[in-house]
Amino acid sequence: MLNERTTQEAVDHTLALCRIPSPTGFTKQAEEYVRDSLAAAGFSPIRSVKGSILCDLGGEGEPVVVAAHIDTLGAIVRAVKPNGRLRYSKLGGYPDLSVVTETCVIHTRDGRSYTGTFQPVEASSHVNAKLKELKPDEDNIEILVDEKVSRREHTIALGISSGDIVSLDPRAVLTDSGFIKSRHLDDKASAGILLAFAGCLASGGRRLRRKTYLLFTTYEEVGHGGAVIPAGSAEILSVDMGAVGEDLGCDEHMVSICAKDSRGPYDWTVTSNLVEAAKRSGCAFAVDVYPHYASDADVALAAGHDLRHGLIGPGVYASHGYERTHRDALGNSLALLVEYLTE
Ligand SMILES: [Zn+2]
């Protein structure tokens, strides 16, 4: 049975990763965190050309790749408006509603950073009576930079221009009751789980059932993260957030096993083996069908790799918004992984 310390390590890695800005396409700092954590556990991770971190954990026989992504949603500066405020373009898919009044950081190409806020255009309720009718979209929401700017040239003088990256304030907290609230638990909770799994393996006592790689991908939110697969791999297991909502069995305390997502069914044998491993481990789990979802495992298959594929992950509510899960979900995901991958 999994010890409490491993779950706590997953929670700690999750919170640390959530606090590192890594919108898709701007993931260097998160890559370094993952690489350093794996190296500290005694492994020799390598960085692929496009920034995925691949780590051979050891083991013998038909290789399995266990993947989580470290890129997140975010935005990019589309234009500086005549009044010095910013138009944005979304990185990844999310409802604009979820960023209204959200604080953020603008990262310039020359390494400077400025804080800001997503606000509706004409955001004062005492002035704009039509605010309550506003349809949140990229035309009606703008970013206010927290600097003295009222004209385009003021903002340009700060070094801000089109193509700069905007990261959302993660607001990462762990409550006394064990809930983890943050943006980007998708998929940093899973990355935290995989780092804790590597730590658990390094501390001994468990033997891998087969050759196992960890893969931390960097372009999942825009659909091509899971395309970097080591030659000879036979299986890919995506560890990504478990969907929670209407008619799904998973909640924020469980590990979710996905039988089908928007792209199609997961491999029958892999999914069945995951269910059996979940039963043996005694973890709280649910098997679900996700109506609006695609994973790195789907991407690996779409890229032409000949693999069996599966998907599991900790239950996350309010996905692609201000998300919430519970430490139990991390513990249950770890318990399933340990049972599935080790003996
Ligand atoms: Zn994800």
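Residues numbered from 1 in each chain as written. Predicted model: local features only at pLDDT ≥ 70, side-chain atom pairs only at ≥ 80, totals over all residues. Heavy atoms only, no water.

Describing the pairing of strand β11 (residues 179–182)
Moving residue by residue along a regular strand, the side chains alternate between the two faces of the sheet.
Point 1. With two bridges connecting them, strand β10 (residues 173–174) and β11 associate as antiparallel partners. Within β11, the residue paired with Val173 across the bridge is Lys181.
Point 2. Joining the antiparallel neighbours β10 and β11 is a turn of four residues, in which Gly178 adopts a positive phi near 95°.
Point 3. Across four bridges, β11 lies against strand β19 (residues 323–326) in antiparallel orientation. Following the sheet pairing, Ser182 is matched in β19 by Glu323. (Pairing = 2+ DSSP bridges. Helix = DSSP H or I, 4+ residues; strand = E, 2+ residues; numbered from the N terminus.)

Digging into the domain arrangement of the protein chain
Point 1. Its domain assignment divides the protein chain into domain 1 (4–72 + 184–341) and domain 2 (74–168).
Point 2. Centre-to-centre, using C-alpha coordinates, domain 1 lies 32 Å away from domain 2.
Point 3. Taken together, the contact pairs 10 residues of domain 1 with 11 residues of domain 2.
Point 4. In total, domain 1 and domain 2 occlude about 780 Å² of area from one another, counting both sides; carbon and sulfur atoms represent 69% of this.
Point 5. The largest share of the area that domain 1 buries against domain 2 comes from Pro23, Phe26 and His320, three residues that together contribute 49% of it.
Point 6. Between domain 1 and domain 2 we count zero salt bridges in total.
Point 7. Across the contact surface, domain 1 and domain 2 share one residue pair in polar contact (both at pLDDT 80 or more).
Point 8. Along the lines of polarity and charge, the residues of the side of domain 1 that touches domain 2 split into four nonpolar, five polar and one charged. (Domains from an automatic or database assignment. Contact = heavy atoms within 4.5 Å. Buried area = accessible area lost by both parts, 1.4 Å probe. Salt bridge = Lys/Arg side-chain N within 4 Å of Asp/Glu carboxyl O. Polar contact = N/O pair within 3.5 Å; in protein donor to acceptor, adjacent residues only side chain to side chain. Nonpolar A, V, L, I, M, F, W, Y, C, P; charged D, E, K, R; others polar.)

Things to note about the pairing of strand β6 (residues 103–107)
Point 1. Relative to strand β7 (residues 113–120), β6 runs antiparallel, the two sharing five bridges. By the bridge assignment for β7, Cys104 is matched with Gly116.
Point 2. Between the antiparallel neighbours β6 and β7 lie five residues, among them Gly111 with a positive phi of about 90°.
Point 3. Relative to strand β9 (residues 165–168), β6 runs antiparallel, the two being bridged by four bridges. Bridge pairing links Val105 to Ser167 in β9.

As for the layout of surface pockets
Point 1. Taken as a whole, the largest pocket holds about 530 Å³ of empty space.
Point 2. Considering the residues around the largest pocket, the lining is formed by 25 residues, among which Met241, His292, Tyr293, Ser319 and His320 are closest to the centre.
Point 3. Taken together, the residues that form the lining of the largest pocket break down as 12 nonpolar, six polar and seven charged. (1 Å grid on protein atoms, 1.4 Å probe; cavity = no way out; pocket = protein on both sides within 12 Å on 5 of 7 lines; lining within 4 Å. Points joined across faces, edges and corners; volume = space filled by probe spheres on them.)

Regarding the coordination of the zinc ion
Point 1. Distances from the zinc ion to its protein donors, His69 (NE2), Asp186 (OD), Asp240 (OD) and Asp240 (OD), fall at 1.9 to 2.7 Å.
Point 2. Geometry at the zinc ion is irregular, judged from its four donor atoms and the angles of 51 to 140° they form at the metal.
Point 3. The sequence pattern describing where the donors of the zinc ion fall on their chain is H-x116-D-x53-D. Of this pair, His69 sits in strand β3 (residues 64–69) while Asp240 sits in the loop between β13 (235–239) and β14 (242–243), placing them 171 residues apart in sequence.
Point 4. Classification of His69 as buried rests on a relative accessible area of 0%. (Donors = N, O, S within 2.8 Å, 3.2 Å for Na, K, Ca; no water. Tetrahedral: all angles 85-135°; square planar, octahedral: opposite > 155°, others 65-115°. Buried < 20%, exposed > 50% of the residue type's maximum accessible area, 1.4 Å probe, protein only.)

Some thoughts on the packing of aromatic side chains
Two aromatic rings are characterised by how far apart their centres lie and by the angle between their planes.
Point 1. Taken as a whole, this structure holds two aromatic pairs when the rule is applied.
Point 2. For the pair Tyr88 and Phe118, a centre-to-centre distance of 5.0 Å together with 80° between the ring planes defines the contact as edge-to-face. Linking Tyr88 in strand β5 (residues 86–91) with Phe118 in strand β7, this pair joins segments that are 30 residues apart in sequence. Here Tyr88 and Phe118 have matching classes, each one buried.
Point 3. The ring of Tyr94 has Lys90 sitting right over it, with the charged end atom 5.4 Å from the ring centre.
Point 4. The cationic tip of Arg324 hangs over the ring face of Phe179; the distance from NZ or CZ to the ring centre is 3.8 Å. (Phe/Tyr/Trp six-rings, centres within 6.5 Å; stacked < 30°, edge-to-face > 60°. Lys NZ or Arg CZ within 6 Å of the ring centre and 35° of its normal.)

Notes on the nonpolar core
Point 1. Ranked by internal contacts, the top residues of the largest apolar core, which has 70 residues, are Leu38, Leu57, Phe197, Leu214, Phe216, Ile312 and Leu337.
Point 2. Here this core takes 10 residues from helix α4 (residues 185–202), the largest share from any one element.
Point 3. Setting aside chain neighbours within four positions, we find Leu214 in contact with Leu38, Ile53, Leu54, Cys55, Leu57, Val66, Leu194 and Ala198.
Point 4. One finds Leu73, Leu86, Ile106 and Val145 within the second-largest nonpolar core, a separate group that totals 20 residues. (Core = buried A, V, L, I, M, F, W, Y, C linked by side-chain atoms within 4.5 Å.)

Notes on the state of the cysteines
Point 1. Counted under the stated rule, the structure contains zero disulfides.
Point 2. Here Cys18 stays free of any disulfide, with the sulfur of Cys104 as its closest cysteine sulfur at 17 Å. (Disulfide = S-S within 2.5 Å.)

A look at the environment of Leu237
Point 1. Within the secondary structure, Leu237 is located in strand β13.
Point 2. For Leu237, a relative accessible area of 0% corresponds to the buried category.
Point 3. Sequence separation between Leu237 and Asp139 is 98 residues; the distance between their C-alpha atoms is 39 Å.
Point 4. In contact with Leu237, not counting residues within four places along its chain, are Val65, Val66, Ala67, Leu274, Gly310, Leu311, Ile312, Leu337 and Tyr340.

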